[in-house]
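# Understanding the architecture of this molecule
So you can see what is in the structure, the chains are spelled out below.
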Amino acid sequence: MTPSRTDGPEEAPLLETESLTKHFDQSEGFIDRILGAGAKVQAVENVDLTVKEGETVAVVGESGCGKSTLVETIANLYTPTDGSVRFRGEDITGLSDRAMKQYRRQIQMIFQDPLASLNPRQTVGDCLMAPLEVHDIGDSDSERQELAKEHLQRVGLESSHFNRYPHEFSGGQQQRVAVARALTLEPDLLLADEPVSALDISVQSDILKLLERLQDELGIAIVFVSHDLSVVRYIADRVAVMYLGEIVELAPTDELFEAPRHPYTKALMSAIPQINPEDRADRIILEGSPPSPMNPPAGCRFHTRCPAVIPPEDWKGSQQQFRGFHSFRIQVRDGEIDPDAIRRRVQAESDETTAKAVQDQIIEESFDSDIESFPDEAREVIRTATEELVDGDRTLAVEAVDEAFRTPCEQQVPRERSAGRTHKVACHRNDSTERGDPDYL
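Attention here is on the structure that accompanies the text. A quick note: this is a predicted structure, and the numbers were derived from the prediction, not measured.

### Notes on the overall build of the chain
- Scanning the chain for helices and strands turns up 17 helices and 12 strands.
- Considering only C-alpha atoms, the chain reaches an extent of 85 × 50 × 45 Å along its principal axes.
- A separation threshold of at least 6 residues defines the contact pool for the chain, and within that pool the share at least 24 residues apart is 65%.
- As displayed, the chain offers around 21,500 Å² of accessible surface, 43% of which is attributable to carbon and sulfur atoms.
- Taken together, the 47 basic and 80 acidic charged side chains of the chain have centroids lying 3 Å from each other.

Below you can see the structure in the form of structure tokens.
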């Protein structure tokens, strides 16, 4: 990592995306029959990202958050639904394969599974010579062979490996071949999609050191996709944190690790293993699973799992109590509470089962603490909803909770705000610092 790349005067970015959006149409076939016509997977939504010459920008987040789709859309492997991609100031959004050819030489990709990205029927030499031939580099096959062998040596392999097939190599060696192939065209930008996640820890370190060395030698910029923050801290100059298709925080690496601002980033940080137990932060456990990108939540997409969701102004209880109430609302609305299963559990533990006993059990399993200390109106909503669930009327249960104490987080999309000169965060908490609550960020 080279922190100086982000210091000094502003320079024109090598790569810039503006409101980049990619939706996948799922309105045909089997999925259509299940979900109905017009269903779309909102994989990437309004992403603004810049990459400078020689810089490494990491994109991190849980599996399925849209990281891979983002880099594949940048590479024009997918046509964007909206927004733009500019390379050295030139708009390359949705160019045809023919028009894109000149940029393919400057923008290369490394994929997660090296063996799957290499043609098993071609020797390593053939794999490396193919891009040279496509882009008319070298005056003859013999010259291209020499160039390919040079690149094999550059990534720590032997020129004698030229005639071997991909399956004859270890996973780490296969990824070195993939790196060599990407570098044969001497690109300015490398899009690395989880390039070390399928490798052993010791091999990961070797590949990361290789990428760092090659970056220093060649001055290439890298967009590095990963779910492993410990890897990211080693290699990245800046980090973009992605959740459900959106970038929620973007900052220089050291600044992000020292002072994360978004609750999702804090949760990711808390999960990083630490050698010294004293360095381990309190683990933040996110409730539930990420929502479907076919039906993302309104407002802030993270509000359904956020441990710091903002209470409405008329909430009289604590923030922790509101988190519990908000989670209960979501469980009722999404049909996650199974009163029949709870009734069976109550019956197994008691000879006499009443509706009140089942209702009390639902409340006990839904809340970490006694709800008697909750605001009166909240307790009334909880008891009304659970009573309707026990009676088998989920529609009335949803109506009871639907409009009660709605958080501002679900009513408005958070705007990206500055949290420092080069630190951006999209969170309603960042808009609320004027409330004077030190726990807000």
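### Digging into the layout of surface pockets
- The space that makes up the largest pocket amounts to roughly 460 Å³.
- Looking at the largest pocket, it is lined by 22 residues, and the ones nearest its centre are P291, T304, I330, D334 and E336.
- When its residues are assigned to classes, the lining of the largest pocket shows six nonpolar, eight polar and eight charged.

### Some points on the pattern of salt bridges
- Across all of its chains, the model carries 21 salt bridges by this definition.
- Close ionic contact of E18 with R86 constitutes a salt bridge, the shortest N to O distance being 3.4 Å. Of the two residues, E18 sits in strand β1 (residues 15–25) while R86 sits in strand β4 (residues 82–87), which places them 68 residues apart along the sequence.
- Classification of E18 by relative accessible area gives partly exposed; the value is 40%.
- Here R213 ties to E217 by a salt bridge, and the two come within 3.0 Å at their closest N and O atoms. Of this pair, R213 and E217 both sit in helix α8 (residues 201–218), four residues apart, which is roughly one turn of that helix.
- Salt bridges sharing common partners tie together K356, D360, E372, D376, R379 and R383.

### Section: the state of the cysteines
- Counted under the stated rule, the structure contains zero disulfides.
- In this structure C306 is not part of a disulfide, and its nearest cysteine sulfur, from C409, lies 6.2 Å away.

### Some remarks on helix α6 (residues 141–154)
- With 14 residues, α6 ought to run about 20 Å at 1.5 Å a step, and its terminal C-alpha atoms sit 20 Å apart, in line with that.
- Among the residues of α6, those classed as buried are R144, A148, H151 and L152. The arc enclosing the buried residues of α6, seen along the axis, measures out at 105 degrees, which places them on a common side.
- On the buried face of α6, the contacting elements are α5 (124–134) and α7 (171–183).

### Structural notes on the sheet that holds strand β12 (residues 424–426)
- Judged by pairing direction, the sheet is mixed, and its eight strands sit side by side in the order β6-β7-β8-β3-β9-β10-β12-β11 without closing on themselves. A single partner strand is all that each edge strand has here, and the edge strands are β6 (107–110) and β11 (416–418). Across the sheet, the mean angle from the axis of one strand to that of its neighbour is 20 degrees, orientation sign disregarded.
- Relative to β12, strand β10 (residues 246–252) runs antiparallel, the two being bridged by two bridges. Across the sheet, L250 pairs through a bridge with K424, a residue of β12.
- The strands touched by helix α2 (residues 67–74) within the sheet are β3 (56–60), β6, β7 (189–193), β8 (221–226) and β9 (238–243), with β7 carrying the most contacts at an inclination of about 150 degrees.
- This element, α8, spans β3, β6, β7 and β8 of the sheet and lies at about 160 degrees to β8.

### Observations regarding the packing of aromatic side chains
- Per the stated rule, a full pass over the model turns up 12 aromatic pairs.
- Summarising the aromatic geometry, the rings of F87 and Y103 are spaced 6.4 Å apart at their centres and angled 85 degrees between planes, so their arrangement reads as edge-to-face. In this pair, F87 sits in strand β4 while Y103 sits in helix α3 (residues 97–104), placing the two residues 16 residues apart along the sequence. Pair check on accessibility: F87 and Y103 agree, each one buried.
- Put simply, the rings of W315, F322, F325, F328, F367, F374 and F405 touch in pairs and so form one group of aromatic residues.
- Against the face of F24 rests K22, its NZ or CZ located 5.1 Å from the ring centre.
- The side chain of K149 reaches across the aromatic face of F162, ending 5.3 Å from its centre.

### Concerning the sheet that holds β4
- Spatially, four strands are ordered β2-β1-β4-β5 in an open sheet, and the strand pairing comes out antiparallel. Two strands bound the open sheet, and with one partner strand each, they are β2 (40–51) and β5 (90–91).
- Across eight bridges, the pairing between β1 and β2 is antiparallel. Note on β2: the bridge partner recorded for E16 is T50.
- Packing of α2 onto the sheet brings it into contact with β1, β2 and β4, and relative to β1 it is tilted by some 115 degrees.

### A word on helix α15 (residues 376–390)
- With 15 residues, α15 should cover 21 Å at 1.5 Å per step; its first-to-last C-alpha distance of 21 Å lies within 8% of that length.
- For α15, every residue scored as buried is listed here: A378, R379, V381, I382, A385, T386, E388, L389 and V390.
- Those residues of α15 that are buried lie in contact with α12 (319–333), α13 (339–349), α14 (355–366) and α16 (394–402).

### Considering the packing of α5 against α7
- Put simply, α5 and α7 touch, their axes get as near as 8 Å, and they point 25 degrees apart. With respect to each other, α5 and α7 are oriented roughly parallel. Seen from above, α5 lies across α7 with right-handed handedness. Contact residues: V124, C127, L128 and P131 in α5; V177, A180 and R181 in α7.
- Classifying every residue of the contact of α5 with α7 by side-chain character gives six nonpolar, no polar and one charged.

### Comments concerning the side chain of S366
- Within the secondary structure, S366 is located in helix α14.
- According to the relative accessible area criterion, S366 is buried, its value standing at 15%.
- Side-chain polar atoms of S366 contact the backbone oxygen of I362, separated by 2.7 Å.
- Excluding its chain neighbours within four sequence positions, the residues that come into contact with S366 are F328, Q331 and I337.

Here is what the cut-offs are and how they apply
Residues numbered from 1 in each chain as written. Predicted model: local features only at pLDDT ≥ 70, side-chain atom pairs only at ≥ 80, totals over all residues. Heavy atoms only, no water. Helix = DSSP H or I, 4+ residues; strand = E, 2+ residues; numbered from the N terminus. Contact = heavy atoms within 4.5 Å. Areas by Shrake-Rupley, 256 points an atom, 1.4 Å probe, with all protein chains shown as cover. Lys, Arg positive; Asp, Glu negative; His and termini not counted. Charge placed at Lys NZ, Arg CZ, Asp CG, Glu CD. 1 Å grid on protein atoms, 1.4 Å probe; cavity = no way out; pocket = protein on both sides within 12 Å on 5 of 7 lines; lining within 4 Å. Points joined across faces, edges and corners; volume = space filled by probe spheres on them. Nonpolar A, V, L, I, M, F, W, Y, C, P; charged D, E, K, R; others polar. Salt bridge = Lys/Arg side-chain N within 4 Å of Asp/Glu carboxyl O. Buried < 20%, exposed > 50% of the residue type's maximum accessible area, 1.4 Å probe, protein only. Disulfide = S-S within 2.5 Å. Expected span 1.5 Å × (residues − 1). Arc of directions from axis to C-beta. Pairing = 2+ DSSP bridges. Axes fitted to C-alpha atoms, helices over the stretch in contact; angles between N-to-C directions. Phe/Tyr/Trp six-rings, centres within 6.5 Å; stacked < 30°, edge-to-face > 60°. Lys NZ or Arg CZ within 6 Å of the ring centre and 35° of its normal. Parallel < 35°, antiparallel > 145°, perpendicular 65-115°, else oblique. Left-handed = near helix turned anticlockwise from the far one by under 90°. Polar contact = N/O pair within 3.5 Å; in protein donor to acceptor, adjacent residues only side chain to side chain.

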